[in-house]
Amino acid sequence: MTSVNTSNLRISADRLWSSLMEMAEIGKTARGGCNRQALTDEDKQGRDLFMAWCDAAGCDISVDTMGNIFARRSGRDAALPAVIAGSHLDTQPTGGKFDGVYGVLAGLEVIRTLNDNKLETEHPVEAVCWTNEEGARFSPAMLGSGVWSGEFSLGYGHNRTNKEGQTVLQELQRIGYLGPAECRSKPLRAAFEVHIEQGPILENAGLQIGVVGGVQAIGWYDLVIEGMPCHAGTTPMEVRRDPVMALYVILDKLYQVADDFKPRARITFGDIRTEPGSRNTVPERVTVTVDMRHPERTQVKYMEQLMREIVRNECGKLRLAGEVREELDSPAISFNDDCIRAVRNAAGALGYSNMQMVSGAGHDSVYVSRVAPTSMIFIPCEGGLSHNEAENARKEDLEAGCNVLLHAMLEMAAQ
Ligand code: HGY
Ligand code: MN
Ligand code: MN
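The written sequence of each chain sets the order in which its residues are numbered from 1. To read the labels, note that chains go from A and ligands from 1, taken in the order they are written. In view of the model being predicted, local features appear only for residues whose pLDDT reaches at least 70, and side-chain atom pairs are presented and counted only at 80 or more, with totals across whole chains, interfaces and linings using the full set of residues. Where side-chain values are given, they derive from all heavy atoms of the structure, hydrogens and water being excluded.

## Overview of the coordination of the manganese ion (ligand 2)
Of the protein atoms, only His88 (NE2), Asp99 (OD) and His195 (NE2) coordinate the manganese ion (ligand 2), at distances of 2.2 to 2.4 Å. The rule for donors is simple: an N, O or S atom within 2.8 Å of the metal counts, and for Na, K and Ca the reach is 3.2 Å. Water is not among the atoms, so a site may look short of donors. Sequence spacing of the donors to the manganese ion (ligand 2): H-x10-D-x95-H. In this structure the manganese ion (ligand 3) is found 3.3 Å away from the manganese ion (ligand 2), and Asp99 serves as a bridging donor for the pair. Of this pair, His88 sits in strand E3 (residues 82–88) while Asp99 sits in the loop between E3 and helix H3 (101–116); the two residues are 11 residues apart in sequence, bridging distant segments of the chain. Accessibility classification places His88 together with Asp99 in one group, the buried group. The helix count covers DSSP runs of H or I at least four residues long, the strand count covers runs of E at least two residues long, and both are numbered beginning at the N terminus. Between buried and exposed lies partly exposed: a residue is buried under 20% and exposed over 50% of the maximum accessible area for its type, with that area taken using a 1.4 Å probe on protein chains only.

Here it is, written out as structure tokens:
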């Protein structure tokens, strides 16, 4: 790194904001959110736009076999491991303008700022877009970063299939993002991710920056209960083997489990589907997605055991077949002390109020931290809302988070 004093370096808040708003036009929903689910045409359009911007910024771009995009700005010594800033462009079906996108475009903004100032870093710097972080269209979440870090095999990642029967591989091919590069981790100097998704914590504390020390544990399951389809009119209630009759008791008991372990336990049933899904046929099958979270993995596993017992008992009473299939087991993780310190140093040097915190949401950094020194940076979002079309963040907070990202990356890229 030329011995330039970078302490006064700042990103361009206007350019970051306009890039975010231009990206938000892709997959825009009537209620002001974004629907750019992984590997859809909208995701392709967003990826194409990001690639064009990275090309214009003079980056060398590579795409791997999971569609992860790496936009690299050379450092003085190409042999040195890169410092990356990554996140995701895919959204929830009723997602917002900032979840994930902010982290990807903030990485690009760092590169644009280094270009503006003709700053040479020792280590290369990369902006990264990970595939299918949300796990909304293809389960599980954090799939692209999970394959890259070795958590999942490439075959597992490629064969994940959505409700419509499409596989990740087919959709990568269809949108032209089955890249040539091997999806495999490489040594990194450091990895950072800036994000809005931390609930109401920072807003309630009146603080600008979250210095993220780790991420809580996540368990994803599919609960499948099978009974006997029959006529809604001719079949007496007492002879039915109706999976919904068991389900409503099971859900009530599981909400009680969440209450027993409050305030830190989280249990969510985001998708409840009956088959054949006809109003006048008692369902044959009901499938429920279950998302369990807690700061300690042992607690998630304990809640999972309770769920298995409840399902076994309630299904047995009604002669139904009940099954709990695990989809994701993401343990609580702690980030790297040097990276955490770099984030805290940057926030302090820039004069931003800050606190250390643990992430309630999962992020690609969970898996990246398996193979590289990692930390995250949080900024407040309005009402703590994300995974909602009303998701909103203030321009000055987006600017603050990106400035912290810039200086944390410089601290790690200079050495
Ligand atoms: O589910 C999560 O925590 C993240 O938003 N994908
Ligand atoms: Mn996210
Ligand atoms: Mn999210």
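Now that the structure has been shown, we can carry on.
## Here's the deal with the packing of aromatic side chains
Each Phe, Tyr or Trp ring, with Trp reduced to its six-membered ring, pairs with another whose centre is within 6.5 Å; inter-plane angles below 30 degrees give stacked pairs, above 60 give edge-to-face pairs, and intermediate values give tilted ones. Within the structure shown, the criterion is met by 8 aromatic pairs. Seen from their ring centres, Trp17 and Phe98 are 6.1 Å apart, and the 35 degrees between their planes marks the pair as tilted. A residue pair is termed long-range when its members are at least 10 positions apart, and Trp17 in helix H1 (residues 13–24) and Phe98 in the loop between E3 and H3 qualify at 81 residues. For Trp17, a relative accessible area of 26% puts it in the partly exposed group. The interplanar angle of 75 degrees and the centroid separation of 5.5 Å between the aromatic rings of Phe152 and Tyr367 together place this pair among those described as edge-to-face. With Phe152 in the loop between helix H4 (143–148) and helix H5 (154–159) and Tyr367 in helix H11 (residues 365–371), this residue pair connects regions lying 215 residues apart in the sequence. For the pair formed by Phe152 and Tyr367, the shared burial category is buried. Aromatic ring contacts, followed pair by pair, group Phe70, Trp130 and Trp148 into a single cluster. In this structure, Arg47 is placed above the aromatic ring of Tyr177, and the distance from its NZ or CZ to the ring centre is 4.9 Å. Charges are assigned to positions over rings by a cutoff of 6 Å between ring centre and Lys NZ or Arg CZ, combined with an angular limit of 35 degrees from the ring normal.

## What to know about the side chain of Glu126
Counting through the fold element by element, Glu126 comes out in strand E4 (residues 125–130). Of the polar contacts made by the side chain of Glu126, one reaches the side chain of Arg72; its length is 2.7 Å. Leave out the neighbours within four places in its chain, and Glu126 touches Phe70, Ala71, Arg72, Ala82, Val83, Ile84, Ala85, Ile111, Lys186 and Met409. In the analysis that follows, any N or O atom pair within 3.5 Å is treated as a polar contact, provided that within protein one partner can donate a hydrogen and the other can accept it, and provided that, for residues neighboring in sequence, both atoms belong to side chains. For this analysis, residues touch if any pair of their heavy atoms sits within 4.5 Å.

## With respect to the coordination of the manganese ion (ligand 3)
Those protein atoms acting as donors to the manganese ion (ligand 3) are Asp99 (OD), Glu134 (OE), Glu134 (OE), Glu197 (OE) and His387 (NE2), and they sit at 2.2 to 2.8 Å. What the 6 donor atoms of the manganese ion (ligand 3) show is an angle range of 49 to 162 degrees at the metal, which sorts the shape as irregular. Read in sequence order, the donor residues for the manganese ion (ligand 3) give the motif D-x34-E-x62-E-x189-H. Site shape is set this way: if four donors have all angles between 85 and 135 degrees, tetrahedral; if opposite donors are over 155 degrees apart and all others between 65 and 115, square planar for four donors and octahedral for six; otherwise irregular.

## Thoughts on the nonpolar core
Buried Ala, Val, Leu, Ile, Met, Phe, Trp, Tyr and Cys residues form a nonpolar core when they are joined through side-chain atoms within 4.5 Å. Counting residues in each nonpolar core, the largest one holds 98 residues, and the members touching the most others are Phe50, Tyr102, Leu105 and Phe192. Element by element, the count of residues in this core is highest for helix H12 (residues 395–414), at 11 residues. Beyond its immediate chain neighbours, meaning those up to four positions away, Phe192 contacts Val83, Ile84, Ala85, Gly86, Cys339, Ala342, Val343, Ser375, Leu405, Ala408, Met409 and Met412. The next biggest cluster of nonpolar side chains, apart from the first, holds 27 residues, and it includes Ala246, Met292, Ile310 and Val311.

## A word on the state of the cysteines
Defined by distance alone, a disulfide is two cysteine sulfur atoms within 2.5 Å. Counted according to the given criterion, the structure contains 0 disulfides. Cys34 carries a free sulfur, and the closest cysteine sulfur to it, the one in Cys129, is 14 Å from it. Lacking any disulfide linkage, Cys54 is separated from the closest cysteine sulfur, that of Cys59, by 5.0 Å.

## Comments concerning the pattern of salt bridges
For salt bridges, the criterion is a side-chain nitrogen of Lys or Arg within 4 Å of an Asp or Glu carboxyl oxygen. Taken as a whole and assessed by the stated rule, the structure comprises 33 salt bridges. With a shortest N-O distance of 2.8 Å, Glu109 and Arg15 are connected by a salt bridge. Taken together, the positions of Glu109 in helix H3 and Arg15 in helix H1 put the pair 94 residues apart, joining distant regions of the chain. Judged by its relative accessible area of 0%, Glu109 is buried. Overall, Arg15 belongs to the partly exposed group, its relative accessible area being 22%. For Asp48, the salt bridge goes to Lys44, with nearest N and O atoms at 3.2 Å. Of this pair, Asp48 and Lys44 both sit in helix H2 (residues 41–56), 4 residues apart, roughly one helical turn. Among the residues examined, Asp48 registers a relative accessible area of 32% and is labelled partly exposed. Residue classification places Lys44 among the partly exposed residues on the basis of a relative accessible area of 29%. Here the residues in one salt-bridge network are Arg297, Lys301, Glu304, Arg308, Glu326 and Asp329, joined through shared partners.

## Structural notes on the site of ligand 1
We define proximity as follows: a residue is near a molecule or strand when any one of its heavy atoms falls within 4 Å of that partner. Taken together, Glu133, Glu134, Glu197, Arg293, Ala361, Gly362 and His387 make up the full set of residues adjacent to ligand 1. At a separation of 3.2 Å, a nitrogen atom of ligand 1 approaches a polar side-chain atom of Glu134. One of the side-chain nitrogen or oxygen atoms of Glu197 is found 3.0 Å away from an oxygen atom of ligand 1. The Shrake-Rupley method, run with a 1.4 Å probe sphere, supplies the accessible areas, and residue values consider only the shown protein chains as cover. Coverage of ligand 1 by the protein amounts to 94% of the 210 Å² it exposes when considered alone.

## Looking at H12
Here the expected span of a helix is defined as 1.5 Å times the quantity of residues minus one. Across its 20 residues, H12 extends 28 Å between first and last C-alpha, which sits within 8% of the 28 Å expected from 1.5 Å per residue. Burial of H12 is extensive: 15 of the 20 residues sit out of reach of the surface.

## Section: the pairing of strand E5 (residues 188–195)
Here E5 lies mainly inside the structure; 7 of its 8 residues are buried. At least two bridges found by DSSP between two strands is the condition for calling them paired. Here 4 bridges tie E3 to E5, and the two strands are oriented parallel to one another. Bridge pairing links Ala85 to Phe192 in E5. Judged from the 5 bridges that link them, E5 and strand E16 (residues 374–378) form a sheet pairing that is parallel. Each residue of the ladder has a partner; that of Val194, found in E16, is Ile377.

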